[in-house]
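Here is what each chain is made of, one letter per residue.
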Amino acid sequence: YNPTTKTVYITLVALSSGAPFNLNGTSFGSMVIYIPAGWNLQITFINQQSLPHNLNLVQNTTATPTSNIGDDGKILLTIGATSSDYTFNGIVNGQSATGTYDDIPAGIYWLACGITGHAESGMWVVVVASPNVTTPYVVIH
């Protein structure tokens, strides 16, 4: 992270080892990334799996994702697809994509694969933006 530019750099990888629907080896929201509210996010997503995947920043309204994350809240950013094809399109093995989101409001979000059923099968992490957080950190439950 860079406190001068108030930017948090997040890299998530769909690993070829472990569960098929994972991010950095975790699944079902067991990774929680805490960031200061009002900071910027620069998110890099890398796919090492044979299945296509993408990554979406979702201001969620449900506790866990359903088959279509667009029904679970507001998608703020789509990486590796577009806002119109995230349910079926993504980057393939060996590809990476990066996106940025500026000035994230306080709240609870997901970073989740938008391809139908992937988040529901475990491919999501939680992002907590809080005015009480001064230094970004990660907890794995």
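Placed above this text is the structure.
Residues numbered from 1 in each chain as written. Predicted model: local features only at pLDDT ≥ 70, side-chain atom pairs only at ≥ 80, totals over all residues. Heavy atoms only, no water.

Chemist: When you look at the sheet that holds strand β6 (residues 96-101) in this model, what are you seeing that I'm missing?
Modeler: Paired through their backbone hydrogen bonds, the strands of a sheet run either parallel or antiparallel. Reading across from one edge, β1-β3-β6 is the order of the three strands in this open sheet, with mixed pairing throughout. Each of the sheet's edge strands pairs with one partner strand only, and the pair in question is β1 (7-14) and β6. For this sheet the average axis-to-axis angle between neighbouring strands, irrespective of direction, equals 15°. One ladder, built from eight bridges, connects β1 with strand β3 (residues 40-47); its direction is parallel. Bridge pairing in β3 places T7 opposite N40. (Pairing = 2+ DSSP bridges. Helix = DSSP H or I, 4+ residues; strand = E, 2+ residues; numbered from the N terminus. Axes fitted to C-alpha atoms, helices over the stretch in contact; angles between N-to-C directions.)

Chemist: What am I meant to see in the side chain of Q49 here?
Modeler: Relative to the helices and strands, Q49 is located in the loop between β3 and β4 (55-60). In terms of polar contacts, Q49 uses its side chain to reach the backbone carbonyl oxygen of L15, at 2.8 Å. When near neighbours in sequence (up to four residues on either side) are disregarded, Q49 contacts A14, L15, S16, A19, P20, F21, N22, V92 and N93. (Polar contact = N/O pair within 3.5 Å; in protein donor to acceptor, adjacent residues only side chain to side chain. Contact = heavy atoms within 4.5 Å.)

Chemist: I would appreciate a short explanation of the side chain of D85 in the present structure.
Modeler: The topology assignment puts D85 in the loop between β5 (73-79) and β6. Here N89 takes part through its side chain, which lies 2.8 Å from a polar atom of the side chain of D85.

Chemist: Looking at this structure, how should I read the sheet that holds β4?
Modeler: Strand order in this open sheet of six strands is β5-β4-β7-β8-β2-β9, and the pairing throughout is mixed. Of all the strands in the sheet, the pair left with one neighbour each is β5 and β9 (137-140). Going across the sheet, the axis of each strand differs from the next one's by a mean of 25°, ignoring polarity. Across four bridges, the pairing between strand β2 (residues 31-36) and β9 is antiparallel. Within the sheet, the bridge partner assigned to I33 lies in β9 and is V138.

Chemist: Please clarify how the environment of T87 should be interpreted in this entry.
Modeler: Position of T87 among the secondary structure elements: in the loop between β5 and β6. Each C-alpha atom, one on T87 and one on P36, is 30 Å from the other, the two residues being 51 residues apart in sequence. T87 has contacts with N68, G114, I115 and T116, leaving out every residue within four places of it along the chain.

Chemist: Explanation requested: the packing of aromatic side chains in the structure shown.
Modeler: Considering all chains together, one arrives at three aromatic pairs under this definition. With 4.7 Å between their ring centres and 15° between their planes, Y34 and Y137 make a pair best called stacked. With a gap of 103 residues between them, Y34 in strand β2 and Y137 in strand β9 connect regions that are remote in the sequence. (Phe/Tyr/Trp six-rings, centres within 6.5 Å; stacked < 30°, edge-to-face > 60°.)

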